Amino acid sequence: MKNALPIEHQRGLYETIFRRRDIRNFLPDEVPDEVLARIIVAAHHAASVGFTQPWDFIVVRDLERRREVKRVFERERARNAAQFTGARLRKFLSLKLEGILDAPLNLIVTCAPDRFGPAVLGKVSIREVEVYSTCLAVGNLWLAARAEGLGVRLGKYRAQRPSCARFFSIPPQVIPVAYLCVGYVESFPDQPLLESAEWAARMPPRDLLHFDSWDGPTEDAGHKLAEWCRARRSGAVSSRNNLQLSSPFAK
């Protein structure tokens, strides 16, 4: 098709998306500055409403600050555990959910609303557009990291904003959006951890389709979109060298 990327670029993109994982175990190897710079620049090229580019990046290598974050995480983990009982609680407690001290570096992605003033193109009825844009930057960074062989563990930090501001001297008007553990890994698992641990399963993409309205027809009349989504195993890996893509590449 006109303007499509070359086929090898398309394949690389889809492979990166489907091979991305949330990582908890890291190697101690340092991440070279040039590699870290590439993934940050990739994040900086995310889409942003009104071209606001509201993100900043705090590279955290200091162990004492990271120990403070780990203490906050443990408190939040205990609060999270209180939601579950019985076998579900036991499974939750068995899961490794962070790599704050294991990873060679942590990275905080923040959002500065109204960076260029309160009048923002596209910011009228939805006040949180800069936060949503920052989430796109995190997604870019995560995919670029996977392409570089780096694992990323995503932590949502908005709930612990006072602690984050205190530890890292973040101004009160700036919103911490994501706390990331970043580093090389021994290998990337075929499945997401929570899927392989049978905590949750990936929903079939066909079950998430609606046509024309939420309660519209269950099939896309005259088209084969539903059939394609039903036939493809989105993100499934049959072997480490044979990715089954939810795309025209999978025949």
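Worth saying up front: this structure is predicted, and the values here are computed from it rather than measured.

What counts as what
Residue positions are counted from 1 within each chain, in the order its sequence is given. Totals for whole chains, interfaces and linings use every residue, but because this is a predicted model, local features are given only for residues with pLDDT of at least 70 and side-chain atom pairs only at 80 or more, for both listing and counting. To obtain the side-chain values, all non-hydrogen atoms of the structure were used and water was disregarded. Numbering of helices and strands starts at the N terminus; helices are DSSP runs of H or I of at least 4 residues and strands are runs of E of at least 2. Burial classification: accessible surface area is computed with a 1.4 Å probe over protein chains only, and a residue below 20% of its type maximum counts as buried, one above 50% as exposed, and the rest as partly exposed. Contacts are assigned to residue pairs with any non-hydrogen atoms lying within 4.5 Å of each other. Each accessible area value is a Shrake-Rupley result obtained with a 1.4 Å probe; residue values ignore everything except the protein chains displayed when judging cover. For this analysis, a salt bridge means a side-chain nitrogen from Lys or Arg found within 4 Å of a carboxyl oxygen belonging to Asp or Glu. Only Phe, Tyr and Trp rings are paired, with Trp represented by its six-membered ring, and only when their centres lie within 6.5 Å; those with planes under 30 degrees apart are stacked, over 60 edge-to-face, the remainder tilted. By the criterion adopted, a ring carries a charge over it if an Arg CZ or a Lys NZ lies within 6 Å of its centre and within 35 degrees of its normal. Fitted lines through C-alpha atoms serve as axes, helices being fitted only where they are in contact, and the angles separating the N-to-C directions of these axes extend from 0 to 180 degrees. Crossing handedness follows the turn of the near helix against the far one: under a right angle anticlockwise gives a left-handed crossing, and clockwise gives a right-handed one. Polarity classes work like this: nonpolar for Ala, Val, Leu, Ile, Met, Phe, Trp, Tyr, Cys and Pro, charged for Asp, Glu, Lys and Arg, and polar for all others, with Gly in that last group. Here a polar contact is recorded for every N or O atom pair within 3.5 Å, except that within protein the pair must consist of a potential hydrogen donor and a potential acceptor, and residues adjacent in sequence are included only if both atoms are side-chain atoms. Here, nonpolar core means buried Ala, Val, Leu, Ile, Met, Phe, Trp, Tyr and Cys residues that are tied together by side-chain atoms lying within 4.5 Å of each other. Expected helix span is given by 1.5 Å per residue-to-residue step, counting one fewer step than there are residues. In predicted models, pLDDT denotes the confidence assigned by the predictor to each residue on a 0 to 100 scale.

> Can you tell me about the overall build of the protein, naming the residues and giving the values?
Secondary structure summary: the protein contains 8 helices and 6 strands in total. Secondary structure elements of the protein, listed N to C terminal, follow the sequence α-α-β-α-α-β-α-β-α-β-α-α-β-β. Looking at the protein as a whole, 37% of its 251 residues qualify as buried. Within the protein, residue pairs in contact and separated by at least 24 positions form 75% of the contacts whose partners lie at least 6 positions apart. Surface summary for the protein: the accessible area is close to 14900 Å², and the carbon and sulfur share equals 56%.

> Can you tell me about the side chain of S48, naming the residues and giving the values?
Among the secondary structure elements, S48 is positioned in the loop between helix 2 (33–44) and strand 1 (55–60). Setting aside residues no more than four positions away along its own chain, S48 makes contact with Q53, P54, W55 and S133.

> Which residues make up the pattern of salt bridges, and what are the values?
Scanning the model with the defined rule gives 15 salt bridges in all. A salt bridge links R153 to D22; the shortest N-O distance between them is 2.4 Å. Of the two residues, R153 sits in strand 3 (residues 150–156) while D22 sits in the loop between helix 1 (7–19) and helix 2, which places them 131 residues apart along the sequence. Judged by relative accessible area, R153 falls into the buried class, the value being 13%. Exposure remark for D22: the relative accessible area of 21% places this residue in the partly exposed category. Among the salt bridges present, the one from K70 reaches E98, with a minimum N-O distance of 3.5 Å. Pair noted here: K70 is in helix 3 (residues 63–81) and E98 is in the loop between helix 4 (86–94) and strand 2 (105–111), with a separation of 28 residues, a long-range link. Overlapping salt bridges bring together E64, R67, E68 and R71 as one network.

> Quick rundown of the packing of aromatic side chains? Include the residues and the values.
All told, the structure shown has 6 aromatic pairs when counted by the stated rule. Within the aromatic cluster, the residues linked to one another by ring pairs are F84, F92 and W199. Directly above the aromatic system of F92 lies the positively charged group of R77, at a separation of 5.2 Å from the ring centroid. For the cation-ring pair, R146 lies above F188, with the distance from its terminal atom to the ring centre recorded as 3.7 Å.

> Can you tell me about the packing of helix 2 against helix 5 (residues 129–147), naming the residues and giving the values?
As a packed pair, helix 2 and helix 5 sit with axes 7 Å apart at the nearest point and diverge in direction by 145°. You can see that helix 2 and helix 5 cross each other, and the crossing is right-handed. Contact residues: helix 2 offers I39, A42 and A43, while helix 5 offers A137, N140, L141, A144 and A145. Among the residues forming the contact of helix 2 with helix 5, the class breakdown is 7 nonpolar, 1 polar and no charged.

> Tell me about the side chain of N106, residues and numbers included.
Position of N106 among the secondary structure elements: in strand 2. Judged by relative accessible area, N106 falls into the buried class, the value being 0%. Only 2.5 Å separates the side chain of N106 from the side chain of Y179, close enough to count as a polar contact. Setting aside residues up to four positions removed in sequence, N106 forms contacts with I58, V59, V60, R66, I100, Y179, L180 and C181.

> Can you lay out the nonpolar core for me, pointing to particular residues and giving the numbers?
Core analysis: the biggest nonpolar cluster contains 27 residues, and I39, L150, A178, L180 and V182 have the highest contact counts within it. Excluding residues within four positions of it along the chain, V182 makes contact with F26, V31, I39, A103, P104, L105, L107, L150, G151 and V152. With 18 residues, the next largest nonpolar core counts V174, C181, V185 and F188 among its residues.

> An account of the environment of L193 is needed here, citing residue identities and associated values.
Structurally, the position occupied by L193 is in helix 7 (residues 193–196). Given the relative accessible area of 29%, L193 is considered partly exposed. C-alpha separation for the pair L193 and R24, spaced 169 residues apart in sequence, amounts to 8.9 Å. Once residues within four sequence positions are removed from consideration, L193 is found in contact with R24 and K96.

> Just give me the short version of helix 5, but keep the residues and values in it.
In a regular helix each residue adds 1.5 Å, so 19 residues correspond to 27 Å; helix 5 covers 28 Å between its end C-alpha atoms and thus fits that length. V129, E130, V131, S133, T134, A137, V138, L141, W142, A144, A145 and R146 are the residues of helix 5 that are buried.

> I'd like a description of the confidence of the model for the protein, backed by residues and values.
Note: predicted coordinates in regions of low pLDDT should not be interpreted at a detailed level. Across the protein, pLDDT averages 87, with 87% of residues at or above 70. Mean pLDDT values over the elements of the protein span from 37, in strand 5 (residues 237–239), up to 98, in helix 2. For residues 234–251, every residue scores under 50 in pLDDT, and the model assigns this stretch 42 contacts once sequence neighbours within four places are set aside.

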